[in-house]
Amino acid sequence: MNHTITTQLSNGTATFSVDPSLYPLDALYGAAYIFIDRCFVFLDKDEAGRVVVSLSPKKGPADEPTLQSWAGEFGNELLSCAWRHQISAQNRQVLEQVTSLALAGAMGPPSLDDLSNFDFSSQPLEDPLGIAMSWEEKYKKKTPAAAAGTPAVAAPEAVKP
Amino acid sequence: MTRLAFHKSLYAGKAVDEAVKLFATHATCELSETEAAWVVQLSAPDARKELRVARELGNFALGLTVQSRQEAA
Amino acid sequence: MNLQLPALAPRLDVTTQAFFRFRQVGKKVLITNYEGFWALLTPEEFERYATGTVQPGTPLHQRLTDNNFFKATYDTRKAADRLWQRRQALTQGPNLHLLIVTLRCNESCVYCHASRAGMDQVETDMSRETAERSIDLILQSPNPNLTIEFQGGEPLVAFDVVKHAIAYANEKNKTAGKQLEFTMVTNMSLMDEEKLEYLLANRVQLCTSVDGPEHLHDGQRKLPGASAHMAATKWIKRINQAYADRGLDPTLYRVEALLTTTRDSLPLWKEIVDTYVDLGCRALFLRPVDPFGWVDKTARRVEYPREDFLEYYRNAVDYMVELNLKGVQVLERYAAIFLSKFFGNDPNFLDLRSPAGAGIGCLAFNYDGKVFTCDEGRMLHEMGDSSFLLGNVTGSSFKDIVSHPTVRSMVLASNLDGQPDCINCTYNPYCGTQSTHNHKKFGSVFGRARESTICAVHKGIQDYLFERISTDDPKVLDIFQKWTTSRPRTHFLQPPTA
Ligand code: SF4
């Protein structure tokens, strides 16, 4: 763990603080969320504006190696979420295209029953991922330049393995 | 009495409300607000139960906050 | 040899190359591009490529041009064709449908707990009505080719349900008009001549488990009062003979066998291969154990570090190559799948593609009518985690099931173009991840490739294969090419019914 996350173990709880200027809040939520089925997770902010994360065991007291490993795993997950957050933003178009292709393929064309049951008065289709929305509709808040960005995977430049 | 302060920049107020409602049968909860936090004062018949309810309530508030952000995305 | 990239840095040129990823493999450098073409370069060749100094007109220039590695000659059409070859299966809908006709099983295996029930638990048999409703849903898949795989527990325990399901599916298919196939995964111990006659007459493809030599198999799979190994091998021979008696090509029509690699298997790689060869099996699938269907206590007994698995894998496949050189035809399935992908003929293996097949390529129908994204999702449900439950055959429509938010999340999460590590990995065009495994191991469907045992195995196998390819041994390359040849087993297709 580097200087951006420091861990304290006390009263059977692992507490550490995270610099929010390095990790987006969505990454922090992503990491916290995967811990809530095995730990009690609490987030707070200290005076310096760092996010303080507390992890306490759900079942019985946890020993120090367990708390250490939770803190370590949280750090790994945080980094992974932060990176994925960035990749998803860069590759959103490709990811959405493939997802909608796969889901549309799995569902097949609308049947006659689907068509006759279609409710023209209803609100927009339930679409939690925004797959059915046009690019402009979904990202209208973004600047045109950002919205037109080429997906990173198609960038004609070398990347490191 | 346990005091939980949910930082407003980290927890959605609605999520804290929902979590409090869910645990209302297990503890007495009083809601208030400071400039920075949604505050829940919580008391249960015994200390162990109070700690457990406080922690569960914290998890629910966090889970519901994350879900509400996903839905809004 | 170690790549000296820092030394190259001042001379690197990024203006001439099309997008590529690279990795050191043995003494060579492997480069792959987005669509999946690849080239193995010597360090000197790689240096020329990386510094933009490959001379036009040289064989190297031609090789790199042919594989779309230069920006100036980048052939978009060729790239799109290759990409489409890989992605087209995505648009077709679920092909594989697992019907769990019972959880009851007469064997007990060290690596299987949660997905089996004792022989007295008749309540875990699928009812005829549930089988019918499952098939009604299956036939709604837009995929023109459908495979219904009977699983358990042990499906022969509920053979009446299997027979009813086959009859019902064939009847309903008269109007659905699908290309239908049936397969059954069975331990064979309850097989008899009457059942076999029915299965052969109805063209049901049979697949069984053989973990290796008798002592290993019987140590892992307990059949009360008998040898599980003998039960399986006796029927493998009998069925292979029956195929031959019916005039079917014996090189193509054979019982398929699967093995589960436990800790005890690792030193026995040679005996395992020999057992398969002696049985006349032409393919082994050297899969590591996975974390489903067992309790943690079992994991401690059967699990092992993935480096140990990879050493076992290399030994076993080296030995299979040696046998092939002596004229014995036997192949390893993981290798065949990856090699097919390398050579541009993606076999659409559901667990090794991006996005993975759970929910969009396959569905699992449990004995009680609950529908899951895949068998692993169903097993997690049996262990108390219903995250991959999509609906029920009585209350959900086909579209409700495949458009379930869980399926959407899994499609997104198993797309390697959205995954840290995978996004930069040289093996991205050929690889796949499993959301159920990630969920179980990491608590999220995304997982973390760097720490994943699945990633370690996939990377290790691809390293091994490219290392062998990089030696340019024409005999080995010829064997590898043969391993990628797939001949359709048309006998197992149900005759047209319309
Ligand atoms: S799973 Fe591992 S080997 Fe496969 S693409 Fe991802 S990082 Fe590479």
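Points about the side chain of asparagine 187 of chain C
Item 1. With respect to the helices and strands, asparagine 187 of chain C occurs in the loop between strand 7 (179–185) and helix 7 (193–201).
Item 2. Excluding residues that lie within four positions of it along the chain, asparagine 187 of chain C makes contacts with Cys105, Asn106, Glu107, Glu154, Thr208, Arg221 and Ala232 of chain C.

Topic: the site of the ligand
Residues and elements named next belong to chain C.
Item 1. Residues in close proximity to the ligand include Leu416, Cys422, Cys425, Asn428, Cys431, Cys455 and Lys459, which together make up its full environment.
Item 2. Most atoms of the ligand, that is more than half of them, are within 2 Å of grid points of the largest cavity.
Item 3. Class assignment for the residues of the shell around the ligand results in five nonpolar, one polar and one charged.

Digging into the environment of glycine 377 of chain C
Residues and elements named next belong to chain C.
Item 1. On the secondary structure map, glycine 377 appears in helix 14 (residues 375–382).
Item 2. For the pair glycine 377 and alanine 117, spaced 260 residues apart in the sequence, the C-alpha separation amounts to 17 Å.
Item 3. Here glycine 377 is in contact with Phe372, Asp385, Phe388 and Thr436, once residues within four sequence places are set aside.

So, the interface of chain A and chain C
Item 1. Contacts between the two partners involve 38 residues from chain A and, on the opposite side, 43 residues from chain C.
Item 2. Between chain A and chain C the total buried area reaches about 3500 Å² when both faces are included, carbon and sulfur atoms providing 67% of it.
Item 3. Here chain A is connected to chain C by two salt bridges.
Item 4. Its salt-bridge partner being arginine 448 of chain C, residue glutamate 73 of chain A comes within 3.5 Å of it at the nearest N-O pair.
Item 5. The interface formed by chain A and chain C holds three residue pairs in polar contact (both at pLDDT 80 or more) in total.
Item 6. Ranked by residue count, the leading element in the side of chain A that touches chain C is helix 2 (residues 64–107) of chain A, at 18 residues.
Item 7. A per-class count over the side of chain A that touches chain C returns 22 nonpolar, seven polar and nine charged.

Topic: the interface of chain A and chain B
Item 1. Chain A puts 18 residues into the contact, and the matching count from chain B is 17 residues.
Item 2. Carbon and sulfur atoms make up 60% of the surface buried where chain A meets chain B, a total of about 1700 Å² over both sides.
Item 3. Linking chain A with chain B are one salt bridge.
Item 4. The salt bridge involving aspartate 26 of chain A is made with arginine 69 of chain B; its shortest N-O contact spans 2.9 Å.
Item 5. Linking chain A to chain B there are nine residue pairs in polar contact (both at pLDDT 80 or more).
Item 6. Contributions of two or more residues to the side of chain A that touches chain B are made by helix 1 (25–35), strand 3 (39–45) and strand 4 (51–57) of chain A.
Item 7. In terms of residue count, strand 3 of chain A provides more of the side of chain A that touches chain B than any other element does, seven residues in total.
Item 8. Of the residues contributing to the side of chain A that touches chain B, the split by class is twelve nonpolar, two polar and four charged.

With respect to the sheet that holds strand 4 (residues 96–100) of chain C
Residues and elements named next belong to chain C.
Item 1. A sheet is described by the order of its strands in space; here nine strands give the open sequence 12-10-8-7-6-4-14-15-16, paired in mixed fashion. A strand with exactly one partner marks an edge of an open sheet, and here the two such strands are strand 12 (286–288) and strand 16 (389–392). On average, each strand axis in the sheet is tilted by 25° relative to the strand beside it, whichever way the strands run.

A closer look at the nonpolar core
Item 1. Ranked by internal contacts, the top residues of the largest apolar core, which has 132 residues, are Phe150, Phe466 and Trp483 of chain C.
Item 2. No other element matches the ten residues that helix 12 (residues 306–325) of chain C contributes to this core.
Item 3. In this structure, tryptophan 483 of chain C is in contact with Val317, Met320, Val321, Asn324, Val330, Leu331, Glu332, Ala335, Ala336 and Leu339 of chain C, ignoring residues within four places of it in sequence.
Item 4. Formed by 45 residues, the second largest nonpolar core is a distinct cluster that contains Val18 and Val53 of chain A together with Leu10 and Tyr11 of chain B.

A word on the pattern of salt bridges
Item 1. Scanning the entire structure with this criterion turns up 33 salt bridges over all chains.
Item 2. Of the charged contacts, one joins lysine 8 of chain B and glutamate 33 of chain B as a salt bridge, the two residues approaching to 2.6 Å between their closest N and O atoms. Taken together, the residues span a long stretch of sequence, with lysine 8 of chain B in the loop between strand 1 (2–7) and helix 1 (13–22) and glutamate 33 of chain B in strand 2 (residues 28–33) at a distance of 25 residues.
Item 3. The class for lysine 8 of chain B is partly exposed, based on a relative accessible area of 26%.
Item 4. For glutamate 33 of chain B, a relative accessible area of 53% puts it in the exposed group.
Item 5. Connected through shared salt-bridge partners, Arg38, Glu73 and Glu77 of chain A together with Arg448 and Glu451 of chain C make up one network.

Digging into the pairing of strand 3 (residues 38–41) of chain C
Residues and elements named next belong to chain C.
Item 1. Of the two faces of strand 3, the one holding Trp38 and Leu40 and the one holding Ala39 and Leu41 are both buried throughout.
Item 2. Pairing between strand 2 (residues 28–32) and strand 3: four bridges, direction antiparallel. When the bridges of strand 3 are listed, valine 29 appears paired with leucine 41.
Item 3. Taken together, strand 2 and the strand that follows it, strand 3, pair antiparallel across an intervening segment of five residues, in which glycine 36 is found at a positive phi of about 110°.

What to know about the side chain of histidine 217 of chain C
Item 1. Positionally, histidine 217 of chain C belongs in helix 8 (residues 214–220).
Item 2. If we skip the residues at most four places from it in the chain, histidine 217 of chain C touches Ser209, Val210, Asp211, Gly212, Ala228 and His229 of chain C.

The rules behind each value
Residues numbered from 1 in each chain as written. Chains lettered and ligands numbered in written order. Predicted model: local features only at pLDDT ≥ 70, side-chain atom pairs only at ≥ 80, totals over all residues. Heavy atoms only, no water. Helix = DSSP H or I, 4+ residues; strand = E, 2+ residues; numbered from the N terminus. Contact = heavy atoms within 4.5 Å. Near = heavy atom within 4 Å. 1 Å grid on protein atoms, 1.4 Å probe; cavity = no way out; pocket = protein on both sides within 12 Å on 5 of 7 lines; lining within 4 Å. Sits in = over half its atoms within 2 Å of the grid points. Nonpolar A, V, L, I, M, F, W, Y, C, P; charged D, E, K, R; others polar. Buried area = accessible area lost by both parts, 1.4 Å probe. Salt bridge = Lys/Arg side-chain N within 4 Å of Asp/Glu carboxyl O. Polar contact = N/O pair within 3.5 Å; in protein donor to acceptor, adjacent residues only side chain to side chain. Pairing = 2+ DSSP bridges. Axes fitted to C-alpha atoms, helices over the stretch in contact; angles between N-to-C directions. Core = buried A, V, L, I, M, F, W, Y, C linked by side-chain atoms within 4.5 Å. Buried < 20%, exposed > 50% of the residue type's maximum accessible area, 1.4 Å probe, protein only.

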